[in-house]
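This is what each chain is made of:
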Amino acid sequence: MTVLFDDGSSQPGVHVLIIGVGRYPYLRGGNAPKPFPHHENMGQLDSPPVAVRALAEWFRLHAGEPTAPLRSLEILCSAPEPLSMQGFDPNGPAVAVDPADLDHVEEAVEGWVERCERNGDNLLLFYFCGHGIASGQEQSLLLQDFGRRPQHPFKDAIAFSQLRAGLRARKVRNQCLLIDACRGFSPTLLRRYGAEYAGSPLVAAAVTEAVRGTRSQVFRAAELGTAAYGMTGRPTLFAQGLLAALDGSASWQQDDGTWRVTTARLADAINAHAAELALLDAIPTQFCDPEGVVEGIFLHALPGEPKVPVHVRCEPDDATALADFACRLGDRDLDHGTCGDLPVWTTRLAPDRYDFVASFAAVEAGYRQGLVQRRSVVPPLARVSIRVLP
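Everything numeric in this text was worked out from a predicted model, so none of it was measured.

**A word on the overall build of the chain**
Line of reasoning, step 1. Secondary structure summary: the chain contains six helices and 22 strands in total.
Line of reasoning, step 2. Taken over C-alpha atoms, the radius of gyration comes to 23 Å for the chain, in line with the 21 Å a tight globule of 390 residues would show.
Line of reasoning, step 3. Dimensions along the principal axes, computed over C-alpha positions, put the chain at roughly 70 × 50 × 45 Å.
Line of reasoning, step 4. Looking at the chain as a whole, 53% of its 390 residues are labelled buried.
Line of reasoning, step 5. Sequence-distant contacts, at least 24 apart, represent 73% of the contacts inside the chain between residues at least 6 apart.
Line of reasoning, step 6. For the chain, the accessible area works out to roughly 17,500 Å², and carbon and sulfur atoms hold 49% of it.
Line of reasoning, step 7. Once the 36 positive and 46 negative side-chain charges of the chain are each reduced to a mean point, those two points are 4 Å apart.

**Focus on helix 1 (residues 47-61)**
Line of reasoning, step 1. For helix 1, built from 15 residues, the straight-helix expectation of 21 Å at 1.5 Å per residue is met to within 8% by its first-to-last C-alpha distance of 21 Å.
Line of reasoning, step 2. Of the positions making up helix 1, those classed as buried are Ser47, Pro48, Pro49, Ala51, Val52, Leu55, Ala56, Trp58 and Phe59.
Line of reasoning, step 3. Buried residues in helix 1 make contact with strand 2 (14-21), strand 3 (70-78), strand 4 (84-86), strand 6 (123-129), helix 5 (237-249) and strand 15 (298-301).

**Concerning the sheet that holds strand 1 (residues 3-6)**
Line of reasoning, step 1. Across the sheet, which stays open at both edges, the seven strands sit in the order 1-3-2-6-10-11-14 with mixed pairing between neighbours. A strand with exactly one partner marks an edge of an open sheet, and here the two such strands are strand 1 and strand 14 (289-291). Adjacent strand axes in the sheet meet at a mean angle of 10° when their direction is disregarded.
Line of reasoning, step 2. Direction of pairing for strand 6 relative to strand 10 (residues 174-180): parallel, over a ladder of seven bridges. Bridge assignment links tyrosine 127 to a residue of strand 10, and that residue is leucine 178.

**Quick word on the pairing of strand 6**
Line of reasoning, step 1. Most of strand 6 is tucked away: seven of the seven residues are buried.
Line of reasoning, step 2. Burial along strand 6 is two-sided: the face carrying Leu123, Leu125, Tyr127 and Cys129 and the face carrying Leu124, Phe126 and Phe128 are both buried.

**Notes on the pattern of salt bridges**
Line of reasoning, step 1. What the rule picks out here adds up to 14 salt bridges.
Line of reasoning, step 2. Its salt-bridge partner being arginine 215, residue glutamate 295 comes within 3.4 Å of it at the nearest N-O pair. Here the residue glutamate 295 occupies a position in the loop between strand 14 and strand 15, and arginine 215 occupies one in strand 11 (residues 215-220), the gap between them amounting to 80 residues.
Line of reasoning, step 3. In this structure glutamate 295 comes out as partly exposed when scored by relative accessible area, which is 45%.
Line of reasoning, step 4. Residue classification places arginine 215 among the buried positions, given a relative accessible area of 15%.
Line of reasoning, step 5. Where arginine 220 meets glutamate 291, a salt bridge forms, and the shortest distance between an N and an O atom there is 2.8 Å. Residue arginine 220 is located in strand 11, and its partner glutamate 291 is located in strand 14; the two are separated by 71 residues in the primary sequence.

**Side note on the packing of aromatic side chains**
Line of reasoning, step 1. Overall, the coordinates contain ten aromatic pairs when judged by the stated rule.
Line of reasoning, step 2. An angle of 15° between the planes, with centres 4.6 Å apart, marks the rings of phenylalanine 5 and phenylalanine 88 as stacked. Pair noted here: phenylalanine 5 is in strand 1 and phenylalanine 88 is in the loop between strand 4 and strand 5 (94-96), with a separation of 83 residues, a long-range link.
Line of reasoning, step 3. Residue phenylalanine 5 is classed as partly exposed on the basis of its relative accessible area of 22%.
Line of reasoning, step 4. Each ring, one from phenylalanine 36 and one from phenylalanine 146, has its centre 5.7 Å from the other, and the planes form 80°; the classification is edge-to-face. Of this pair, phenylalanine 36 sits in the loop between strand 2 and helix 1 while phenylalanine 146 sits in the loop between strand 8 (138-142) and strand 9 (157-159); the two residues are 110 residues apart in sequence, bridging distant segments of the chain.
Line of reasoning, step 5. What makes phenylalanine 146 buried here is its relative accessible area of 0%.
Line of reasoning, step 6. By way of ring pairs, the aromatic residues Phe36, Phe146, Phe154 and Tyr193 are connected into one cluster.
Line of reasoning, step 7. One cation-aromatic arrangement involves arginine 260 over phenylalanine 298; the distance from NZ or CZ to the ring centre is 4.6 Å.

**Some remarks on the environment of aspartate 289**
Line of reasoning, step 1. Along the chain, the position of aspartate 289 falls in strand 14.
Line of reasoning, step 2. For the pair aspartate 289 and isoleucine 179, spaced 110 residues apart in the sequence, the C-alpha separation amounts to 9.7 Å.
Line of reasoning, step 3. With sequence-adjacent residues up to four places away left out, aspartate 289 is seen in contact with Arg183, Val218, Phe219, Arg220, Ala222, Glu223 and Leu224.

**Remarks on the nonpolar core**
Line of reasoning, step 1. By size, the foremost hydrophobic cluster in this structure holds 47 residues, and its most contacted members are Ile18, Leu73, Ile75, Tyr127, Leu178 and Leu266.
Line of reasoning, step 2. When contributions to this core are tallied by element, the ones reaching two or more residues are strand 2, helix 1, strand 3, strand 6, strand 10, helix 5, strand 13 (259-262) and helix 6 (266-281).
Line of reasoning, step 3. For tyrosine 127, the contacting residues outside a window of four places in its chain are Leu17, Ile18, Ile19, Ala51, Leu55, Leu178, Asp180, Thr236, Phe238, Ala239 and Leu242.
Line of reasoning, step 4. The next biggest cluster of nonpolar side chains, apart from the first, holds 41 residues, and it includes Tyr24, Trp112, Val172 and Leu202.

**A short note on the state of the cysteines**
Covalent bonding between the sulfur atoms of two cysteines defines a disulfide.
Line of reasoning, step 1. One pass over the full model with this rule turns up zero disulfides.
Line of reasoning, step 2. The structure places no disulfide on cysteine 314, whose sulfur is separated from the nearest cysteine sulfur, that of cysteine 339, by 8.4 Å.
Line of reasoning, step 3. Free of any disulfide, cysteine 327 has its nearest neighbouring cysteine sulfur in cysteine 314, separated by 14 Å.
Line of reasoning, step 4. Residue cysteine 327 is classed as buried on the basis of its relative accessible area, which comes to 0%.

**Looking at the packing of helix 1 against helix 5**
Helices that pack against each other are described as a pair by the angle of their axes relative to one another and the distance between those axes.
Line of reasoning, step 1. At a closest axis distance of 10 Å, the pairing of helix 1 and helix 5 adopts a crossing angle of 10°. Classified by the angle their axes make, helix 1 and helix 5 are roughly parallel. Classified by chirality, the crossing of helix 5 by helix 1 is left-handed. Taken together, the residues of helix 5 that come into contact with helix 1 (itself represented by Ala51, Ala54, Leu55 and Trp58) are Ala239, Leu242, Leu243, Leu246 and Asp247.
Line of reasoning, step 2. For the contact of helix 1 with helix 5, a count of residues per class yields eight nonpolar, no polar and one charged.

Rules and cut-offs
- Residues numbered from 1 in each chain as written.
- Predicted model: local features only at pLDDT ≥ 70, side-chain atom pairs only at ≥ 80, totals over all residues.
- Heavy atoms only, no water.
- Helix = DSSP H or I, 4+ residues; strand = E, 2+ residues; numbered from the N terminus.
- Rg over C-alpha atoms; globule rule 2.2 N^0.38 Å.
- Buried < 20%, exposed > 50% of the residue type's maximum accessible area, 1.4 Å probe, protein only.
- Contact = heavy atoms within 4.5 Å.
- Areas by Shrake-Rupley, 256 points an atom, 1.4 Å probe, with all protein chains shown as cover.
- Lys, Arg positive; Asp, Glu negative; His and termini not counted.
- Charge placed at Lys NZ, Arg CZ, Asp CG, Glu CD.
- Expected span 1.5 Å × (residues − 1).
- Pairing = 2+ DSSP bridges.
- Axes fitted to C-alpha atoms, helices over the stretch in contact; angles between N-to-C directions.
- Salt bridge = Lys/Arg side-chain N within 4 Å of Asp/Glu carboxyl O.
- Phe/Tyr/Trp six-rings, centres within 6.5 Å; stacked < 30°, edge-to-face > 60°.
- Lys NZ or Arg CZ within 6 Å of the ring centre and 35° of its normal.
- Core = buried A, V, L, I, M, F, W, Y, C linked by side-chain atoms within 4.5 Å.
- Disulfide = S-S within 2.5 Å.
- Parallel < 35°, antiparallel > 145°, perpendicular 65-115°, else oblique.
- Left-handed = near helix turned anticlockwise from the far one by under 90°.
- Nonpolar A, V, L, I, M, F, W, Y, C, P; charged D, E, K, R; others polar.

Here you go:
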């Protein structure tokens, strides 16, 4: 087990388990002597180790938050080069991270659930990043050694819906499960191996054992039948959206003026960030698919106001590339610029009401100045369209 932190407390807090799989020895591009012949073009993944490190670092930096204190953090990661991470003692040595194979995952889940059950008001938080395969409503999460047993490959996978059912039977009221994996179907694997065994449940329980009042909330990176995407050298799209959400794009202002992040706005924030990446980086769009989110689970409080991404364009579109944009609050100019090679002008602002201006320095541009007044800017993303006339 690679437990980076465990304060041993029985007081309520957050217990995190992060699993990332980028190295698959038996899949395409792996180094196993006998590769799995039915790999369905699944191969090595670049983004999961980057996502694991980024999320673990976020929780490490926010460990001391009084409103949602981190109680434990455990990570497993299979990467081309073994991963090591700095522990919570800045003067201590780096910690070697155990791989995400079945043995280590079973051991990690056992310890993590025990820690979560120290207090019924704890938040149980699970994140998986790697290959996934859908079979009906079930989703198999593939661990490092998927394919090493050609007659029983799903022995090295997690049956996620069964894992969720098992966790619901544990005495932990707040459960947030983040699944960063594809949900495409594999007719070849289904025909060959059937749908009866999708993987290990890891936590066994009868359906009737579910504890009343448990808030089991799932956030899947992709809709059923679709892919989840990574980016070379960067976290996955879902992980980037999740980090942005935690940093404030999923926040909402409370009656006391503080900004709090809850699961109620998590999917909207992740999807807004994915849409922003799709627009600015020209990458495929994917949509976070939430389940079970009736009442938001509190995640953490921001130390101040969030910064909201703002996209400003002209109407008609062909005027956008010609415009000089500015943002004003009262009589103050806060930011200005052009869109450059992008389809919109982007800025980041604190929540408020702003005036946005599009002006044209050259008469040859053929448009007159346009203005949008007192446009509300709130998380997760503000879009402003300025009507300009010839």
